[in-house]
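Chain and residue survey
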Amino acid sequence: MFCMKKTGFILIFLANLGVIFTAWWLQSGSLLLSSQAGLFIALGRITGLVAVYLILWQLILIGRVRFLEQTFGFDRLSLWHHFNGFAAWTFIFLHPLFLIVGYGLNSQNTFLGQVANFLIAWELAPAFIAVMIFLITIVLSWGAIQKYLKYEVWYYIHLLTYLAIILAFGHQLKLGGDFQQKLFAAYWLVLYLEALCLLIPYRFIKPLYLFWRHEFYVDKVIKENDQTISVYLRGKNLEQFKFQPGQFAIFRFLSFNLIGEAHPFSFSQAFNGQELRITIKALGDYTTKLPAKLKVGTKVLIDGAHGIFTPQRTTNQKLAFIAGGVGITPLRALAESESKNGRDIVILYGATKTSDLIFKAELEKIAITNCRFTPVLSADESWLGEKGRIDKNKIISLIPDYAERDFYLCGPGPMMASLRASLKELRINSRYVYFEKFSL
Ligand SMILES: Cc1cc2nc3c(=O)[nH]c(=O)nc-3n(C[C@H](O)[C@H](O)[C@H](O)COP(=O)(O)OP(=O)(O)OC[C@H]3O[C@@H](n4cnc5c(N)ncnc54)[C@H](O)[C@@H]3O)c2cc1C
């Protein structure tokens, strides 16, 4: 089923690309062999068309479009958004370059002379600003540079791409040679409309609608340990705010000092129709300041629920949950719901020391029925239970029937990478291994 949907998705992508290439070929194909200038102008046109097409896909991929998220998952869509961004970058960069060279050859202008001509005579300054914004955003998204930037700085610069899309739109239908074909111009507008109709309702209207409907607010904040708090949320008609265990949402606390940032957190208890709970570990500046700044009564904007780290995906009746640190949050919700559903569950929970174990008492309570809960501590001499790190040997000894289980993994990146490698060595098909990444 997943393969069929993926193929359908790829076919839609390619079919539209086919329409774009055909329209370009009909209008600009003859330029290709006409002269050197014609060649560059034709290439400039197609790179521009493909650049915009990929940018529209960027909006759809990151637009939290429900049916796409439920098919492919937030992680995968974010990854595609990341790589599609770099592909778009290439075309955005080549588009003005080819046109400057092409029209420069035509009018025997120098490179800079043609740039000036475009800016002044063709009034292309907004399009140039748009190209600059795209280029800066994409350079800043390159892993080696992004890791030195504060996430929020990167995010707000990223938001400028909406401005770039608006700035770039104006010149397309007015100057784009291929839009002399009226049908193609209409098709182009439909592409824009489709992207906006997918982006705006899911990304912007839905969270506002949910807020209007449920009026979420912080009911209490409980300290789980030195670094972790649980935030309980209540609101109106919460029995109608449905989510699956294992899902997450993006939370924006609406107080003066927190409103500027929205962060993703997993629901740490299953749906109960009365309250929501998220559990947050201090891992950076925002999550560190949160315990002191978050006040009871604060209103909350919730964008969600998202994610496919949910029980629907499983094939086997038996499940194995392996968590590292705060990665226990979605697994805690899954354990609660799936033990109630009579599933046979094993939970391995890796942490450094006893005080790092959150939800220990809750998990022990859940473990009374259908569930085995084993904490594994890596640096606690006084701990009498399992010690060390969760690896292949621990999986063999603590989950002897591992071959009969579906695996859910959530923890730090390196831990998940090594667990996935161990499961591969144990010949567990990756179809039975699901994981949630807490950082992109
Ligand atoms: C699907 C998902 C579920 C998560 N569930 C939980 C949870 O239940 N409990 C918990 O403690 N943490 C959870 N996280 C991690 C949490 O979102 C980050 O720890 C938090 O956003 C860090 O923000 P910061 O400013 O304190 O740290 P920073 O140092 O600014 O960020 C650390 C890293 O977190 C990621 N990050 C930061 N801000 C955002 C953002 N606004 N959107 C997306 N990623 C961001 C980036 O990869 C960044 O490199 C989850 C993350 C994801 C993606």
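About the thresholds
- Residues numbered from 1 in each chain as written.
- Predicted model: local features only at pLDDT ≥ 70, side-chain atom pairs only at ≥ 80, totals over all residues.
- Helix = DSSP H or I, 4+ residues; strand = E, 2+ residues; numbered from the N terminus.
- Buried ≥ 20, exposed ≤ 12 C-beta atoms within 10 Å, placed from the backbone.
- Contact = placed C-beta atoms within 7 Å.
- Axes fitted to C-alpha atoms, helices over the stretch in contact; angles between N-to-C directions.
- Parallel < 35°, antiparallel > 145°, perpendicular 65-115°, else oblique.
- Left-handed = near helix turned anticlockwise from the far one by under 90°.
- Nonpolar A, V, L, I, M, F, W, Y, C, P; charged D, E, K, R; others polar.
- Pairing = 2+ DSSP bridges.
- Domains from an automatic or database assignment.
- Right-handed = clockwise from strand over helix to strand, strands pointing away.
- Near = placed C-beta within 6 Å.
- Expected span 1.5 Å × (residues − 1).
- Arc of directions from axis to C-beta.

Attention shifts here to the overall build of the protein chain. A count of helices and strands for the protein chain gives 14 helices and 12 strands. For the protein chain, the C-alpha atoms occupy an extent of roughly 80 × 50 × 40 Å along the three principal directions. For the protein chain, the proportion of its 440 residues judged to be buried stands at 36%. Put simply, 73% of the contacts in the protein chain that link residues at least 6 apart link residues at least 24 apart.

Here we come to the pairing of strand E5 (residues 276-281). Summarising burial for E5: 6 of the 6 residues are buried, a large majority. What you see with E5 is no split at all: Leu276, Ile278 and Ile280 on one side and Arg277, Thr279 and Lys281 on the other are buried throughout.

What follows deals with the packing of helix H2 (residues 36-61) against helix H4 (residues 74-106). Axis separation between H2 and H4 bottoms out at 7 Å; the angle between their running directions is 155°. In terms of axis orientation, H2 runs roughly antiparallel to H4. For the crossing formed where H2 meets H4, the hand is left-handed. A class-by-class count of the residues in the contact of H2 with H4 yields 22 nonpolar, 11 polar and no charged.

Turning our eyes to something else, we now look at the sheet that holds strand E2 (residues 228-234). Pairing in this open sheet of 3 strands is antiparallel, and the strands run E1-E2-E5 from one edge to the other. Each having just a single partner strand, strand E1 (217-225) and E5 make up the two edges of the open sheet. Neighbouring strand axes in the sheet, compared pairwise and without regard to direction, differ in orientation by 20° on average. Pairing analysis gives 7 bridges linking E1 to E2, with the strands arranged antiparallel.

Within the open sheet, the 6 strands sit side by side as E10-E9-E8-E7-E11-E12. Their pairing is parallel. A strand with exactly one partner marks an edge of an open sheet, and here the two such strands are strand E10 (386-387) and strand E12 (433-436). The sheet contact formed by strand E8 (residues 344-351) and strand E9 (residues 371-377) spans 7 bridges and is parallel. Paired with Tyr349 across the bridge in E9 is Pro375. The strands touched by helix H14 (residues 413-425) within the sheet are strand E7 (318-324), E8, strand E11 (405-410) and E12, with E11 carrying the most contacts at an inclination of about 160°.

What the domain assignment lists for the protein chain is domain 1 (2-202), domain 2 (215-306) and domain 3 (311-436). Computed over C-alpha atoms only, the centres of domain 2 and domain 3 are separated by 24 Å. On the domain 3 side, the residues contacting the 13 residues of domain 2 number 13 residues. For the side of domain 2 that touches domain 3, the secondary-structure elements that each account for two or more residues are E1 and E5. Split into classes, the residues belonging to the side of domain 2 that touches domain 3 amount to 4 nonpolar, 7 polar and 2 charged.

With that out of the way, let us pick up the pairing of E9. In terms of burial, E9 is largely enclosed, as 5 of its 7 residues are buried. The β-α-β motif built from E8, the intervening helix H12 (residues 360-366) and the parallel element E9 has right-handed crossover chirality.

With that settled, consider the environment of Phe271. Structurally, Phe271 can be placed in the loop between strand E4 (263-266) and E5. On the neighbour-count criterion, Phe271 (19 C-beta atoms within 10 Å) is partly exposed. Separated by 211 residues in sequence, Phe271 and Ile60 place their C-alpha atoms 29 Å apart. With sequence-adjacent residues up to four places away left out, Phe271 is seen in contact with Lys242 and Phe243.

Position of Phe373 relative to the elements: it lies in strand E9. Once the C-alpha coordinates of Phe373 and Phe184 are considered, the two residues, 189 residues apart in sequence, prove to be 60 Å apart. With sequence-adjacent residues up to four places away left out, Phe373 is seen in contact with Ile347, Leu363, Glu364 and Ala367.

Once that is clear, we can look at unusual backbone geometry. Most of the time, phi is negative for any residue but glycine, and the peptide bond is trans. Cis peptide bonds are those with omega within 30 degrees of zero, and the linkage from Gly304 to Ala305 qualifies with 5°. By the secondary structure assignment, Ala305 is in strand E6 (residues 300-306). Positive phi, close to 55°, is recorded for Glu123, a residue that is not glycine. With respect to the helices and strands, the residue Glu123 is situated in the loop between helix H5 (111-120) and helix H6 (125-140). The backbone of Arg427 shows a phi angle near 65°, a positive value even though the residue is not glycine. With respect to the helices and strands, Arg427 occurs in the loop between H14 and E12. Using a count of 8 C-beta atoms within 10 Å as the deciding quantity, one classes Arg427 as exposed.

Glancing now at the site of the ligand. The local shell around the ligand holds 22 residues, among which Gly284, Tyr286, Thr287, Thr329 and Ser439 are the closest. Those elements giving two or more residues to the shell around the ligand turn out to be E4, E5 and helix H10 (285-293). Class assignment of the residues belonging to the shell around the ligand gives a composition of 12 nonpolar, 7 polar and 3 charged. Shared between two domains, the shell around the ligand holds at least three residues of each, these being domain 2 (215-306) and domain 3 (311-436).

Here the focus is H6. Over its 16 residues, H6 runs 23 Å from end to end, which matches the ideal 22 Å to within 8%, given 1.5 Å per residue. Regarding H6, the residues found buried are Ala127, Ala130, Val131, Ile133 and Phe134. Seen end-on, H6 carries its buried residues on one side only, within an arc spanning 160°. Against H4 and helix H8 (151-175) lie the buried residues of H6.

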